[in-house]
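Breakdown of the fold
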Amino acid sequence: MSTSTPYTRFQTTLHSVLKKINLERGDNALFDEPQFSHKKDLTITRDDGSKDTFHAFRIQYNNARGPFKGGIRFHEHADEDEVKALAALMAIKTAVVNIPFGGAKGGVQVNPKELSKKEVQQVARAYVQEFQENLGPDIDCPAPDVNTNPDIMAWMRDEYEKLTRSYSPAMITGKPLEFGGSKGRDTATARGGFFILQEMVDRLALDPSDMRVAIQGFGNAGAHMAKFLHNEGYIVVAVSDSQGGIYSPEGIDPVRIAKYKEKTGAVTGEYCEGSVCDIGRMKMDDVQKITNAELLELDCDILIPAALDNVITEDNAKRIKAQYILELANGPTTPEADAILEKNGVRVIPDVLANAGGVTASYFEWSQGRSGEQWTAKIVDERLKRVMLEGYKAVRREARREDMTYREAAFAVGIKRMMAAMKVRGWI
Ligand code: NAD
């Protein structure tokens, strides 16, 4: 059993890439720790009048290329190590797609599902009160992440504007459309990953209608991806959520699944109520219930982890049958698994490229917040495609030139771009 943590996993990849790109001695240290780690305690008054305090973090990894940028997650297990790893990945990601930001991440150790809406709002406002001097459109610009949403972004913007007595729509992204949000932000992560997958399939002269895809996670990233692929003729053979998944070799209709998930809370909802399933109907539709572990090892062409980190490990990597993995989730593959996948010829499009559509649309929202413009959905889509394909091209080129995996190449592109900015700033 590996004792690695999210940050040590990040460092394993980082160090192997730093070695390959032959940085000058001493420069390695630039990437070992974040520039700033801010920690505060947030105290709120519960609806029953009692007080509760939650640990909160804002980790700012690197801002050589522009203001820090990265989401805030509300999760009882969000600890400093995890937030630090996510901040570092953000810095690589913004550099890979070449948008003018650095990397940061925030977290509050809280389970928002145990709080009322009023209490969640207090947590959001307290976060901004505590970290206010480290936030701002030109300093550090947060966004939604696990368990945070446009409403929370709106409360945070409101709190920031009150405290600074300013109009600052660009201090945060992922806002509601009626309060400075951007069209296309909700689908951007999946859309960005879709553009890359489609480009890869075109370049390899593969036929989408022959491509069987399994998707783990049916939330914002996974469900939109399933729909984009289905509409383009790919065969989505399996989807799952936290309660398990369904598999059909003939392909499933993600729109129908989404409808049932909305009604029943589970992707299996069309066939099962809890653990009781309509076996007859499943047989008729050629559908089987599967576990999340089984989904990862299915006989398919493309595997898309779009839920949790650390799911493709040295334990299951050798049994993965997909030829291509597109990481919509952050950190789904461990370094040990990466080595096995590489040996087996599985091409991995890494998270720092594959899911960069979300932060790219955040950049568009930030730009619109600063200029006062409102872009159409068509403009957002066109610009997103251009940015994602440029990032993909840079990674492909680096991988070919340096004989690296796509993850190594993405890290190399990101590190080199950060180094270039640090050099001209005179930091090194
Ligand atoms: P979400 O909360 O909308 O959806 C998560 C999905 O994962 C849900 O369907 C949930 O049921 C499922 N899930 C939870 N636990 C699971 C388990 N144990 N096994 C299988 N499935 C499980 O989240 P999201 O926004 O779609 O994010 C998913 C992943 O994509 C995360 O790793 C996130 O960091 C990454 N990501 C998302 C965005 C974005 O813009 N949404 C951007 C970049 C990266």
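Here the structure is a predicted model, which means the values were calculated and not measured.

Next up on the list: the sheet that holds strand S14 (residues 347-349). Taken in spatial order, the 7 strands make up an open sheet running S11-S8-S7-S6-S12-S13-S14, and their pairing is mixed. Since the sheet does not close on itself, it has two edges, and those belong to strand S11 (288-290) and S14, each with one partner. Taken over all neighbouring pairs, the strand axes of this sheet differ in orientation by 20° on average, direction set aside. Here 3 bridges tie strand S8 (residues 244-247) to S11, and the two strands are oriented antiparallel to one another. Of the residues in S11, the one forming a bridge with Ile-246 is Lys-289.

In terms of domains, the chain is made up of domain 1 (36-179) and domain 2 (188-354). Summarising the inter-unit geometry, the C-alpha centres of domain 1 and domain 2 are found 29 Å apart. At the junction of the two partners, domain 1 supplies 5 residues and domain 2 supplies 4 residues. Three residues, Leu-89, Lys-93 and Val-96, lead the burial of domain 1 against domain 2; their summed loss comes to 64% of the area buried on that side. Linking domain 1 with domain 2 are 0 salt bridges, by the criterion used here. Summed over the shared surface of domain 1 and domain 2, the number is 1 residue pair in polar contact (both at pLDDT 80 or more). Its residues assigned to classes, the side of domain 1 that touches domain 2 comprises 4 nonpolar, no polar and 1 charged.

Our focus in this paragraph is the packing of aromatic side chains. Scanning all chains against the criterion turns up 13 aromatic pairs. Measuring from ring centre to ring centre gives 6.0 Å for Phe-101 and Tyr-363, while their planes differ by 85°; the resulting arrangement is edge-to-face. Linking Phe-101 in the loop between helix H2 (80-96) and strand S4 (103-108) with Tyr-363 in helix H12 (residues 357-371), this pair joins segments that are 262 residues apart in sequence. A network of ring pairs unites the aromatic residues Phe-101, Tyr-363, Phe-364, Trp-366 and Trp-375 as a single cluster. Against the face of Tyr-7 rests Lys-84, its NZ or CZ located 4.4 Å from the ring centre. The ring of Tyr-406 has Arg-347 lying over it, and the distance from NZ or CZ to the ring centre is 4.1 Å.

Within strand S7 (residues 235-241), 6 of the 7 residues are buried, which leaves the element mostly enclosed by the surrounding structure. Handedness of the β-α-β unit built from strand S6 (residues 212-216), helix H6 (residues 220-231) and S7 comes out right-handed. Strand direction decides the pairing type here: S7 and S8, joined by 4 bridges, are antiparallel. What sits directly across from Val-239, in S8, is Ile-246. In sequence, S7 turns back onto S8 through a hairpin of 2 residues.

Unlike most non-glycine residues, Asn-147 shows phi in positive territory, near 65°. Structurally, the position occupied by Asn-147 is in the loop between strand S5 (140-144) and helix H4 (150-164). Asn-147 sits in the partly exposed class, given a relative accessible area of 29%. Its identity as a non-glycine residue notwithstanding, Arg-165 has a phi of 45°, on the positive side. With respect to the helices and strands, the residue Arg-165 is situated in the loop between H4 and helix H5 (188-203). What makes Arg-165 exposed here is its relative accessible area of 77%.

A word on the nonpolar core. Leu-229, Ile-304 and Ile-415 are the most contacted members of the largest nonpolar core, which has 91 residues in total. There are two domains that each give this core at least three residues, and those are domain 1 (36-179) and domain 2 (188-354). By size, the runner-up hydrophobic cluster in this structure holds 24 residues, among which are Ile-44, Leu-115, Val-128 and Met-153.

Calculation rules
- Residues numbered from 1 in each chain as written.
- Predicted model: local features only at pLDDT ≥ 70, side-chain atom pairs only at ≥ 80, totals over all residues.
- Heavy atoms only, no water.
- Pairing = 2+ DSSP bridges.
- Helix = DSSP H or I, 4+ residues; strand = E, 2+ residues; numbered from the N terminus.
- Axes fitted to C-alpha atoms, helices over the stretch in contact; angles between N-to-C directions.
- Domains from an automatic or database assignment.
- Contact = heavy atoms within 4.5 Å.
- Buried area = accessible area lost by both parts, 1.4 Å probe.
- Salt bridge = Lys/Arg side-chain N within 4 Å of Asp/Glu carboxyl O.
- Polar contact = N/O pair within 3.5 Å; in protein donor to acceptor, adjacent residues only side chain to side chain.
- Nonpolar A, V, L, I, M, F, W, Y, C, P; charged D, E, K, R; others polar.
- Phe/Tyr/Trp six-rings, centres within 6.5 Å; stacked < 30°, edge-to-face > 60°.
- Lys NZ or Arg CZ within 6 Å of the ring centre and 35° of its normal.
- Buried < 20%, exposed > 50% of the residue type's maximum accessible area, 1.4 Å probe, protein only.
- Right-handed = clockwise from strand over helix to strand, strands pointing away.
- Core = buried A, V, L, I, M, F, W, Y, C linked by side-chain atoms within 4.5 Å.

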